[in-house]
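For reference, the chains in residue letters:
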Amino acid sequence: MKILFVTPEALPFVKTGGLGDVACALPCALAALGVEIRLLIPGYPSVLDQLRGARAVAELPDLPGRAHLVRGSGEDGITVYAIDCPALYARPGNPYLGPDGNDWPDNHLRFGALGRVAAFWPDPAWRPDIVHGNDWQSGLAAAYLALGGRPRPATVFTIHNLAYQGLFPRSVLAELGLPPESFSIEGLEYYGQVGFLKAGLWYADKLTTVSPTYAEEIQHEPLGFGLQGLLRGRAGDLVGILNGVDTRLWDPAADPHLPARYDSERLGEKARAKEALRRELALAEAPGPLAVAVTRLTEQKGMDLVLGALPAILADGGTLAVLGAGDAALEAAFADAARGAPGRVAVRLGYDEALSHRLQGGGDIVLVPSRFEPCGLTQMYGLRYGTLPLVRRTGGLADTVEDGKTGFVFSAPTVEAFVDAWTRARTAFASPRLWQEMQHRAMRVDVSWRRSAERYLALYRDLAPG
Ligand code: ADP
Ligand code: GLC
């Protein structure tokens, strides 16, 4: 069984969020189950620079300028195809945004090309049985294949976040070589625009999303973002499969980023990791829990609730450390909070993979108060690191954290509800025996990819038996 896994980002090449983690760990877990899986990714500079043994395997005459399909491999041995098209991808920085912080104006062409190459597959030496796309950037692959009218591979489309829809004006239809009849409710039209995500949802044979609860939530208002009717209609083809953690990269007993390594039998070493983190971030010694958050700073993540709850967090000796980047207003508000409470609140704005590990290693509680969360990875890192998650009951957070057992869960998206959960967490923290019991339970939760990879395999087998 040959799978082409189409993705706009993947570690270690490029990552802006959880999809980058998933597009590295899931293919590896599937390969370990014997699946022949290869990646297709845009040839951003960071991809072309890091590909091992890269060589061109086909010309791509439909793309602008001189373009090739390049084949190489990642450090884990997975075969990676990159679209080497400098006119579209030879740009530094964020894969989706220009230096002004706005979407690149030709994103429809940049990610239209990703779908096109996947659908009009140019490597005669290897042909996929299944094309598995991820998020709106890959949505056109299923559309081109379904509209092509030829024998074709089966298609799977995974929703990592329904809130990003890849919407473009109707005028791009012809530019993308899509037939006029596809611009329909029964097609890729979304409220008068061309929707790349809608294309994936409409045309793919099977749909998945990244947790069972999110699979249910998106079939209704408000988390369906206008697509709830379509998703309800396709409920028979839609399955929620929980993400896992890349246990090679996230293991407190072997994490090269940690100053002290530990497992559930050596939690004393976690105290050393906390002490090192406290010094690094110039936080005062304090009797209460050290809460950490590693997050994109967007409306989705609910970090405004943390700002609202700050007095409660700092009462009785709590401290807070936040690593995040995103909305200018939220960045400014967190920078203000740090200035207003020196030694009690530390904020690092920007993206820092190593610090994200040290925060999980040194924190007591990881905060994930999201308004919605398709799956969420940082709460699962927290479970594995004995850094108890405090989360809102939504999406994958609801599926991974058990209130009072492995973490703390609140329901209403309000400061009051957050503070209530915080108070329960602080009370538990004050009882070392209870806290350690919870840490042990959290660290025993199986957050690995094994079971979920088997579910993807079963889905692939349904689509391409034999
Ligand atoms: P999302 O994909 O919605 O951003 P996830 O929890 O699924 O949320 O994944 C986020 C991933 O990005 C995690 O691996 C997290 O550790 C990482 N991350 C988020 N923000 C930062 C940051 N500022 N610095 C380093 N890593 C970050
Ligand atoms: C998205 C979601 C996040 C999920 C990640 C990987 O970015 O926001 O919840 O964990 O994709 O699937």
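Here, the structure is the one placed above.
Residues numbered from 1 in each chain as written. Chains lettered and ligands numbered in written order. Predicted model: local features only at pLDDT ≥ 70, side-chain atom pairs only at ≥ 80, totals over all residues. Heavy atoms only, no water.

Caption draft 1: Structural view of the nonpolar core. Counting residues in hydrophobic clusters, the biggest one holds 92 residues, and the most contacted among them are L40, I83, L188 and L201. The leading source of residues in this core is helix 1 (residues 18-32), at 8 residues. I83 has contacts with L40, I41, P42, G43, L60, L63, H68, L69, Y89, A113, L114 and V117, leaving out every residue within four places of it along the chain. Core analysis: the next-biggest nonpolar cluster, separate from the first, contains 49 residues, L267, L305, A341 and M443 among them. (Core = buried A, V, L, I, M, F, W, Y, C linked by side-chain atoms within 4.5 Å. Buried < 20%, exposed > 50% of the residue type's maximum accessible area, 1.4 Å probe, protein only. Helix = DSSP H or I, 4+ residues; strand = E, 2+ residues; numbered from the N terminus. Contact = heavy atoms within 4.5 Å.)

Caption draft 2: How the structure looks around the site of ligand 1. The local shell around ligand 1 holds 20 residues, among which G18, R296, K301, G350 and L377 are the closest. With respect to ligand 1, the side chain of R296 contributes an N or O atom lying 2.7 Å from an oxygen atom. In the model, an oxygen atom of ligand 1 is placed 2.9 Å from a nitrogen or oxygen of the L377 main chain. Counting residues per element, the ones that place at least two in the shell around ligand 1 are helix 1, strand 13 (290-297), strand 14 (319-326) and helix 15 (378-384). (Near = heavy atom within 4 Å. Polar contact = N/O pair within 3.5 Å; in protein donor to acceptor, adjacent residues only side chain to side chain.)

Caption draft 3: Just empty space enclosed by the protein, in detail. Counted by the stated rule, this structure contains 4 cavities of 30 Å³ or more. The computed volume of the largest cavity comes to approximately 80 Å³. Lining the largest cavity are L11, P12, F13, A23, C24, P27, L39, G74, E75, D76, I78 and V80. Broken down by element, the residue count for the lining of the largest cavity peaks at 3 residues, all from helix 1. For the lining of the largest cavity, the class distribution of residues is 9 nonpolar, 1 polar and 2 charged. Approximately 50 Å³ is the volume found for the second largest cavity. Lining the second largest cavity are L11, D21, V22, A25, G244, V245, D246, L249, W250, Y381 and W449. Ranked by residue count, the leading element in the lining of the second largest cavity is helix 1, at 3 residues. (1 Å grid on protein atoms, 1.4 Å probe; cavity = no way out; pocket = protein on both sides within 12 Å on 5 of 7 lines; lining within 4 Å. Points joined across faces, edges and corners; volume = space filled by probe spheres on them. Nonpolar A, V, L, I, M, F, W, Y, C, P; charged D, E, K, R; others polar.)

Caption draft 4: How the structure looks around the pattern of salt bridges. This structure, assessed with the given rule, holds 28 salt bridges. Between E269 and R272 there is a salt bridge, and its shortest N-O distance comes to 2.8 Å. Of this pair, E269 and R272 both sit in helix 10 (residues 268-280), 3 residues apart, which is roughly one turn of that helix. With a shortest N-O distance of 3.9 Å, R450 and E454 are connected by a salt bridge. Of the two residues, R450 and E454 both sit in helix 19 (residues 450-463), 4 residues apart, roughly one turn of that helix. Assessed through its relative accessible area of 46%, R450 is described here as partly exposed. The exposure class of E454 is partly exposed, given its relative accessible area of 37%. (Salt bridge = Lys/Arg side-chain N within 4 Å of Asp/Glu carboxyl O.)

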